[in-house]
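What the coordinates show
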Amino acid sequence: MTVVTGARRRALRDGDRQIDTAHLLHSLLESDPEAGAAFEGDHQLARVLGYLVQRSIGYGLRWQRSVEDSAAGRLLPAVRGTEPPDPRASGWSPAASAALEEAFRRAAERGEAQARGVDLLAVIAADAESRAVEVLRRAGVDPAALVARIGER
């Protein structure tokens with residue numbers, strides 16, 4: 001998946017300890033036109049990308065020493081009843097891992113083997129405590145409205 005590769009590259013370049021939902025969001029919006037089309041016009045998309053670029057040049061420095069764990073308290077079906085993995089070992093924040101898993105679950109419910117970018121975008125935007133949602137809000141995007149637009153498509 002191009003989005004995953006891009007997110008990994010961003011985290012490494014930014015010097016972040018883990019790949020988080022903001023890395024996923026940035027990579028997703030740069031590589032998936034369908035995800036970009038879910039926003040209320042190019043102006044909104046440009047603002048989000050602007051905030052994400054700011055993150056990579058310093059805005060996200062306060063995140064470098066912490067773990068994004070907004071999803072840590074709600075294990076998805078595939079990991080319920082097992083010992084939660086050590087997020088440092090995987091290189092992914094718990095919220096990013098949960099978002100990827102949920103995007104694939106959404107695709108499976110449709111009978112598709114691959115998750116689409118809008119699946120991942122909807123999951124990321126629905127996690128009110130994620131770093132990606134913080135970026136969306138700062139850019140003036142209502143995450144709930146974004147999720148609703150994706151659901152209407």
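In what follows, the structure referred to is the one given above.
Residues numbered from 1 in each chain as written. Predicted model: local features only at pLDDT ≥ 70, side-chain atom pairs only at ≥ 80, totals over all residues. Heavy atoms only, no water.

Quick look at the nonpolar core now. With 37 residues, the main nonpolar core has Leu24, Phe39, Val48, Leu120, Leu121 and Leu146 as its most contacted residues. Only α1 (2-14), α2 (21-31), α4 (42-59), α6 (94-109), α7 (117-126), α8 (131-138) and α9 (143-152) provide two or more residues apiece to this core. If one sorts the elements of this core by residue count, α7 sits on top with seven residues. Discounting chain neighbours no more than four positions away, the residues touching Phe39 are Leu29, Gln44, Leu45, Val48, Leu121, Leu136, Val141, Leu146 and Arg149. (Core = buried A, V, L, I, M, F, W, Y, C linked by side-chain atoms within 4.5 Å. Buried < 20%, exposed > 50% of the residue type's maximum accessible area, 1.4 Å probe, protein only. Helix = DSSP H or I, 4+ residues; strand = E, 2+ residues; numbered from the N terminus. Contact = heavy atoms within 4.5 Å.)

Taken together, the buried positions of α9 are occupied by Pro143, Leu146, Arg149 and Ile150. Looking down the long axis of α9, one finds its buried residues gathered within 120° of arc, a one-sided arrangement. Facing away from the buried side of α9, by more than 90 degrees, are the exposed residues Ala144, Gly151 and Glu152. (Arc of directions from axis to C-beta.)

Another point: the environment of Val147. Considering the arrangement of structural elements, one finds Val147 in helix α9. Given the relative accessible area of 26%, Val147 is considered partly exposed. Between the C-alpha atom of Val147 and that of Leu121, which follows or precedes it by 26 residues, the distance is 7.9 Å. Apart from the residues within four sequence positions on either side, Val147 is in contact with Ala122, Ala125 and Ala126.

The next point concerns the pattern of salt bridges. Applying the stated criterion to the full structure yields 11 salt bridges. Between Asp119 and Arg106 there is a salt bridge whose closest N-O contact spans 3.6 Å. With Asp119 in helix α7 and Arg106 in helix α6, this residue pair connects regions lying 13 residues apart in the sequence. Judged by its relative accessible area of 28%, Arg106 is partly exposed. Across the salt bridge formed by Glu134 and Arg138, the nearest N and O atoms sit 3.4 Å from each other. Remark: Arg138 and Glu134 occur in helix α8; sequence separation between them is four residues, near one turn of the helix. When its relative accessible area of 23% is taken as the criterion, Glu134 is described as partly exposed. Relative accessible area serves as the criterion here: at 41%, Arg138 is assigned to the partly exposed category. In the salt-bridge network here, residues are joined through shared partners; they are Arg106, Arg110, Glu112 and Asp119. (Salt bridge = Lys/Arg side-chain N within 4 Å of Asp/Glu carboxyl O.)

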